[in-house]
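# Structure at a glance
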Amino acid sequence: MAEKVLELKDVSFSYSSQPAVKSATFSMEKGDFLGVIGPNGGGKTTLVKLILGLLKPDSGSIRVFGEEIPKFRGWPRLGYVPQKATNFDQNFPATVFEVASMGRFERAGLMHQLSKEDYNAVENALKVVGMLGMRDKRVGDLSGGQQQRVFIARALAGEPELLLLDEPTVGVDAEAQHNFYALLKKLNKEFGMSLVLISHDVGMVSKYVNKLACVNINVEFHDVSKGVKDSDLVCAYPEAMAAVPHHH
Amino acid sequence: MLEFLQYGFMQRAFIAGMLVALLCGVIGVFLVLRRMSLVGDGLAHISFGGIAAGLLFGVYPLFSALVFSVLAALGIQKLKQMKVYGDAAIAMFFSFGLAIGVVIVSVAHGFNADLFSYLFGSILAVSQADILVIAGVGIATIVVLLLFYKELFYITFDEESARAAGLPVENLNNLLVVLTAVAVVLSMRIVGILLVSSFIVIPASTALLFCRGFRQAIAFAAAIGVASVVAGLVLAYYLDLAAGGAVVMVLIAVFFAVLVYKQFRPK
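Report follows, based on the coordinates. (Residues numbered from 1 in each chain as written. Chains lettered and ligands numbered in written order. Predicted model: local features only at pLDDT ≥ 70, side-chain atom pairs only at ≥ 80, totals over all residues. Heavy atoms only, no water.)

Per the secondary structure count, chain B includes twelve helices and zero strands. Each helix (α) and strand (β) of chain B, taken in turn from the N terminus, gives the series α-α-α-α-α-α-α-α-α-α-α-α. Scaling as 2.2 N^0.38, a compact globule of 267 residues should have a C-alpha radius of gyration of about 18 Å, and chain B matches this with 18 Å. Over its C-alpha atoms, taken along the principal directions, chain B stretches across nearly 55 × 50 × 30 Å. Out of the 267 residues in chain B, the part that is buried amounts to 54%. Long-range contacts, defined here as pairs at least 24 residues apart, represent 75% of the contacts in chain B between residues at least 6 apart. (Helix = DSSP H or I, 4+ residues; strand = E, 2+ residues; numbered from the N terminus. Rg over C-alpha atoms; globule rule 2.2 N^0.38 Å. Buried < 20%, exposed > 50% of the residue type's maximum accessible area, 1.4 Å probe, protein only. Contact = heavy atoms within 4.5 Å.)

This paragraph deals with the interface of chain A and chain B. Taken together, the contact pairs 26 residues of chain A with 27 residues of chain B. Of the roughly 2300 Å² buried at the junction of chain A and chain B (both faces included), carbon and sulfur atoms supply 66%. Where chain A meets chain B, there are two salt bridges. Between lysine 49 of chain A and glutamate 160 of chain B there is a salt bridge, with its nearest N and O atoms 4.0 Å apart. Inspection of the region where chain A meets chain B yields nine residue pairs in polar contact (both at pLDDT 80 or more). Breaking the side of chain A that touches chain B down by element, the ones donating at least two residues are helix H2 (96–101), helix H3 (105–108) and helix H5 (144–157) of chain A. Ranked by residues supplied to the side of chain A that touches chain B, first place goes to H3 of chain A with three residues. Tallied by class, the residues present in the side of chain A that touches chain B amount to 15 nonpolar, four polar and seven charged. (Buried area = accessible area lost by both parts, 1.4 Å probe. Salt bridge = Lys/Arg side-chain N within 4 Å of Asp/Glu carboxyl O. Polar contact = N/O pair within 3.5 Å; in protein donor to acceptor, adjacent residues only side chain to side chain. Nonpolar A, V, L, I, M, F, W, Y, C, P; charged D, E, K, R; others polar.)

Residues and elements named next belong to chain B. Here helix H5 (residues 112–120) has its buried residues at Leu115, Tyr118 and Leu119. Around the axis of H5, the buried residues are gathered within 105° of arc, so they sit on the same side. The exposed residues of H5 that point more than 90 degrees off its buried face are Ala113 and Phe116. Next to the buried residues of H5 lie helix H2 (37–57), helix H3 (61–81), helix H4 (86–107) and helix H9 (169–191). One or two residues past the end of H5 sits glycine 121, with phi positive at roughly 80°. (Arc of directions from axis to C-beta.)

By the definition in use, this model includes 23 aromatic pairs over all chains. Ring geometry for phenylalanine 92 of chain A versus phenylalanine 214 of chain B: centroids 5.7 Å apart, planes at 5°, classification stacked. Taken together, the residues phenylalanine 92 of chain A in the loop between strand E6 (78–81) and H2 and phenylalanine 214 of chain B in helix H11 (residues 214–239) connect one chain to another. Comparing phenylalanine 92 of chain A with phenylalanine 214 of chain B, the two get one shared label, buried. Aromatic ring contacts, followed pair by pair, group Phe88, Phe92 and Phe151 of chain A together with Phe30, Tyr149, Phe153, Phe157 and Phe214 of chain B into a single cluster. Note that arginine 77 of chain A overlies the ring of phenylalanine 65 of chain A, its terminal NZ or CZ placed 3.9 Å from the centroid. Between arginine 189 of chain B and the ring centre of tyrosine 118 of chain B, over which it is positioned, the NZ or CZ distance is 4.5 Å. (Phe/Tyr/Trp six-rings, centres within 6.5 Å; stacked < 30°, edge-to-face > 60°. Lys NZ or Arg CZ within 6 Å of the ring centre and 35° of its normal.)

This next bit is on the packing of H3 of chain B against H9 of chain B. Residue and element names in this part refer to chain B. Taken N-terminus to C-terminus, the directions of H3 and H9 make an angle of 150°; their axes are 9 Å apart at the nearest point. In this view, H3 runs roughly antiparallel relative to H9, as classed from their interaxial angle. Handedness of the crossing formed by H3 with H9: right-handed. Seen from H3, the contacting residues are Leu62, Ala65, Leu66, Ser69, Val70, Ala73, Leu74, Gln77 and Gln81; seen from H9, they are Glu170, Asn173, Asn174, Val177, Val178, Ala181, Val182, Val185, Met188 and Arg189. Taken together, the residues of the contact of H3 with H9 sort by class into twelve nonpolar, five polar and two charged. (Axes fitted to C-alpha atoms, helices over the stretch in contact; angles between N-to-C directions. Parallel < 35°, antiparallel > 145°, perpendicular 65-115°, else oblique. Left-handed = near helix turned anticlockwise from the far one by under 90°.)

So this is what it looks like as structure tokens:
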């Protein structure tokens, strides 16, 4: 049996009294591609923040690479591309290479300069996303799709085994989206990287993933490696819920 | 040519001026990009209270100013964490420091002239002791900045991601304002309390007009600051101008020259 990279057991979290995630239970193994879908405000980003240890669950446990989060020390093994990553100050003076190199800072450690090995990893990451040729360009001068690839390179530079991406295709044109999914497929199939992709784009996500979590405060988990059924997606369309027969 | 370098006071002015211009240029890039340009000004006014207290109690004024300024820097951070708006927190400490200074002056008479030299700077009266303090503390501050360069770069670019990447964001923010407090106090002797923020804000803003990379912006901000100090001091010497004011005029002239060039250069 493959190594478990992520395991949530009965995880709940509320902002003051507003429940955001309720008893989420699911797990993913090495090489899995998990899609997280659900309506806005349904708790998708909260779920990611819990997995990253940025929020502490009210109850339940989260294990990353087999280790429970408060004790987990291998954070560089996780890569993260935040929502609105491209929402930075477009006048900021930072080159493509400088932004991608941030992905190595955690591995290098506080007060340490980046080593030759770190710089090689940054170059490799830029090569994988096809942005090495633009390494000295200012990030703010690039298109939205190119910026997105730089932020993915930043996450890849840390050589993560599990990569989490939060709504990365927002505000990116169709061609860039297509390239983006092709890149994820390459990372997943060729490099064997485990992926978590949060998206509101149910159609696209369900084409690529083999596991699906439908998050609307409650979390429904489906193995979709043999194809996605319409019923797997119900939680993403709350207005369609009425059409689904309920048996109480 | 260069006869002015024969004078001890001019040598000291050059060493002290170039060092603080370098330091403030580097710090300025971080502060300006984080929309914290006014922190320098606020901390300088707080230092005024520290200077007055030092003169009153017979403590070396740069030392008492340093204590006031660092404590206020941490106080501003604390208020921000307690959900007071950042600019309001700065404004409060700003007035508080001035108030302390004014009250002390009204109680104790007789050192108005000394205080005046701190308000407007007196680069030509930089003493041997001042030089040792400015050089020692200034170099130490630059070393700390270089040690934490990459982390400060990350939180300046995107605090949220930096936090997700496991960086101690709160502590780094505290570090940045403390280093600013130190830089402000060191610069005060040269340009004076009222002009300190020019050393922090203008070279950085000039570099940001044309730099593509962060390292590049830091290098240019430092270089613009240092070159302007040299030019300003030479001007002040030959035209018999106030040194602090002359340096700031040069900084402003460079900024507008770059701005105009940027507008009219062929794309």
